[in-house]
Amino acid sequence: MTDITASSPAAGSARLGVLLMLLGMVMFSLNDVLGKWLVATYSVGQLMLIRSLAALVVLSPFFWRVGWRRLVDVDRPRLHLLRAALFAVEACSFYFAVAYMPLADAMTYWLAAPIYVAALSPLMLGEKVGWRRWTAIVIGFVGVIIALSPSKDTFTLPALIALAGSLSFGLAMVLGRSLRAAPDTTLVFWQIAGAAVVAGIWCLADPAGWAPLRPLDFGLLSLLGIVAMGAHMLVNRSLKLADAATVVPLQYTMLLWAVVFGWFFFGDVPRSAMLVGAGFIVASGLFIFFREQQLKRRAPPI
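The structure displayed is predicted, hence computed values, not measured ones. (Residues numbered from 1 in each chain as written. Predicted model: local features only at pLDDT ≥ 70, side-chain atom pairs only at ≥ 80, totals over all residues. Heavy atoms only, no water.)

Quick word on the overall build of the protein chain
Right, on to step 1. Counting its regular elements, the protein chain contains 14 helices and zero strands.
Right, on to step 2. When the helices and strands of the protein chain are listed from N to C terminus, the series reads α-α-α-α-α-α-α-α-α-α-α-α-α-α.
Right, on to step 3. Taken over C-alpha atoms, the radius of gyration comes to 20 Å for the protein chain, in line with the 19 Å a tight globule of 302 residues would show.
Right, on to step 4. Approximately 15900 Å² of the protein chain is accessible, and the part contributed by carbon and sulfur atoms is 70%. (Helix = DSSP H or I, 4+ residues; strand = E, 2+ residues; numbered from the N terminus. Rg over C-alpha atoms; globule rule 2.2 N^0.38 Å. Areas by Shrake-Rupley, 256 points an atom, 1.4 Å probe, with all protein chains shown as cover.)

Here we look at the pattern of salt bridges
Right, on to step 1. All chains considered together, the criterion is met by two salt bridges.
Right, on to step 2. Here R271 makes a salt bridge to D105, at a shortest N to O gap of 3.0 Å. Of the two residues, R271 is situated in the loop between helix 13 (253-266) and helix 14 (272-298) and D105 in helix 6 (residues 103-110); the sequence distance between them amounts to 166 residues.
Right, on to step 3. On the basis of relative accessible area, D105 is assigned to the buried category, the value being 6%.
Right, on to step 4. Between R214 and D217 there is a salt bridge; the shortest N-O distance is 2.7 Å. (Salt bridge = Lys/Arg side-chain N within 4 Å of Asp/Glu carboxyl O. Buried < 20%, exposed > 50% of the residue type's maximum accessible area, 1.4 Å probe, protein only.)

Regarding unusual backbone geometry
Right, on to step 1. Here R76, not a glycine, exhibits a phi torsion of approximately 55°, which is positive.
Right, on to step 2. Of note, R76 is situated in the loop between helix 4 (68-72) and helix 5 (77-100).

Some thoughts on helix 13
Right, on to step 1. Look at helix 13: 19 Å from first C-alpha to last across 14 residues, which is about the 20 Å you get at 1.5 Å a residue.
Right, on to step 2. Among all positions in helix 13, only M254, L255, A258, F261 and G262 are buried. The arc that holds every buried residue of helix 13, seen down its axis, measures 135°, which confines them to one face. Away from the buried face of helix 13 by more than 90 degrees, exposed residues L256, W263 and F264 are located.
Right, on to step 3. Positive backbone phi, approximately 70°, marks G267, located one or two places after helix 13. (Expected span 1.5 Å × (residues − 1). Arc of directions from axis to C-beta.)

Thoughts on the packing of aromatic side chains
Right, on to step 1. Counted according to the given criterion, the structure contains 13 aromatic pairs.
Right, on to step 2. Ring plane angle 50° and centroid distance 5.1 Å describe the contact between F96 and Y100, whose orientation is recorded as tilted. On the criterion of helical spacing, the pair formed by F96 and Y100 is a turn pair, its members being four residues apart in helix 5.
Right, on to step 3. Ring pairs connect the aromatic residues W257, F261, F264, F265 and F266, which therefore count as one cluster.
Right, on to step 4. Directly above the ring of F266 sits K36, whose terminal nitrogen or CZ lies 5.1 Å from the centroid. (Phe/Tyr/Trp six-rings, centres within 6.5 Å; stacked < 30°, edge-to-face > 60°. Lys NZ or Arg CZ within 6 Å of the ring centre and 35° of its normal.)

A short note on the side chain of Q46
Right, on to step 1. Locating Q46 in the fold gives a position in helix 3 (residues 44-66).
Right, on to step 2. Of the residues examined, Q46 reaches a relative accessible area of 0% and is grouped as buried.
Right, on to step 3. Within the structure, Q46 has its side chain in polar contact with the backbone nitrogen of A211 (distance 2.9 Å). (Polar contact = N/O pair within 3.5 Å; in protein donor to acceptor, adjacent residues only side chain to side chain.)

Observations regarding the nonpolar core
Right, on to step 1. Ranked by internal contacts, the top residues of the largest apolar core, which has 63 residues, are L38, L47, M48 and Y109.
Right, on to step 2. By residue number, the principal contributor to this core is helix 5, which donates seven residues.
Right, on to step 3. Not counting the four nearest positions on each side in its chain, M48 is found in contact with A91, C92, Y95, A195 and A199.
Right, on to step 4. Counting residues in hydrophobic clusters, the runner-up holds twelve residues, among them L59, L71, V74 and I192. (Core = buried A, V, L, I, M, F, W, Y, C linked by side-chain atoms within 4.5 Å. Contact = heavy atoms within 4.5 Å.)

Some details on the side chain of R51
Right, on to step 1. The residue R51 is located in helix 3 in this model.
Right, on to step 2. For the buried R51, no salt bridge exists, and the shortest N-O distance to an oppositely charged side chain is 7.1 Å, to E90.
Right, on to step 3. Those residues in contact with R51 that sit more than four places away from it in its chain are Y95, L221, L224, G225 and A228. (Lys, Arg positive; Asp, Glu negative; His and termini not counted.)

Considerations on the packing of helix 5 against helix 10 (residues 184-205)
Right, on to step 1. Taken N-terminus to C-terminus, the directions of helix 5 and helix 10 make an angle of 60°; their axes are 8 Å apart at the nearest point. Classed by the angle they form, the pair helix 5 and helix 10 counts as oblique. As for the relative orientation of helix 5 and helix 10, their crossing is right-handed in sense. In contact with P77, H80, L81, R83, A84, F87, A88 and C92 of helix 5, helix 10 contributes T186, L187, W190, Q191, G194, A195, V198 and W202. (Axes fitted to C-alpha atoms, helices over the stretch in contact; angles between N-to-C directions. Parallel < 35°, antiparallel > 145°, perpendicular 65-115°, else oblique. Left-handed = near helix turned anticlockwise from the far one by under 90°.)

Topic: a nonpolar patch on the surface
Right, on to step 1. On the surface, a cluster of nonpolar side chains totalling about 590 Å² of accessible area is made up of L30, W263, F264, F265 and V269.
Right, on to step 2. Among the elements that make up the nonpolar patch, the one with the highest residue count is helix 13 (three residues).
Right, on to step 3. Turning to its location among the elements, V269 is positioned in the loop between helix 13 and helix 14.
Right, on to step 4. Among the residues examined, V269 registers a relative accessible area of 64% and is labelled exposed. (Patch = residues over 30% accessible without salt bridge, like charges linked within 9 Å, V, L, I, M, F, W, Y side chains within 5 Å.)

The structure is reproduced here in C-alpha cells:
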C-alpha cells in the first residue's frame, strides 16, 4: 500500500509542488541579490519605477484579457489603494535596507511578517487567536528584538526602515485577507501599479537621483520585476499541486539562501544575534502556521 501511494499521481504532484516552491525561493533570493547590487548604482525610486513598469508590460496581455475597466472599477477601492500603498512602502523599504544591510539581516525582519499578521488579525479582522498562538507571537517578537540588537551600533536607520517595511508587508497581508474575494489579477494589478505610481512620485521629487541608464543595467532593472513575477507564479502553482502544510514552510529556505548568497556575492558574515533571532522568528512562524492549519481541519464544514 505504501509503494502504491508513493507512486500515485497525487504523490507526484506533491513532489513537483515542493520542487516548484524551492525553485521559487531560489529565484526570489537571486532577485534580491540583483536588487542589492543595482541599488548601489541607482536610486530606490529609479529601480522601483523601471521594475514595476517592466512587470506591467509583461502582464499587460493578461490585464487586457480581463478588461481594464474591471481592474479599476472594484469594490472597496480605498482598501485596494491602502494595500497597494503598503506594498509599495514595503518594496521601497526592502531595497533601501539591503543597500546598507546584509541580505540575511534584512530577510530576517521580513520573515517576521506572518507574526505581525497573527497579532493584527484579532484587531483588524476580528479573528480569534488562542493562548498558544499568542505565546508564539510573543516569542516571535522576542526574536525580532534579538535580531535588531538595540544598541548605538546596530539600532540604525536602515534597521528601522527594514522593521517598518516588514510591518508594512504584514499589514498588506492582513488587508489581502479582507480582499480575498477580489480576483488575483486585480490584486496584482493594483499592487504593481501602486508601486509604479509611488516610484514615479519619488523620481519627480528627486530628479537629481536619476542616474544615466546603461543598456545592460536597464535590462537588469527590468528583469527584477519579471523574475519576481515568475517566482510568484511558481509559488502559486506549487500551492495548487501540494498541500499548504507541505510547501509553505519551505519559504523559510529564503533565509538560508540569503546567508549563502550574501556571503558569496558580498562577503557578508551573519551576526550571531541575527541567527539566534532568526531561529526564534522561524520557529514562531512555523508554529503559527501549523496551528492555523490544525484549526482549519477542526472547523466544521459550512
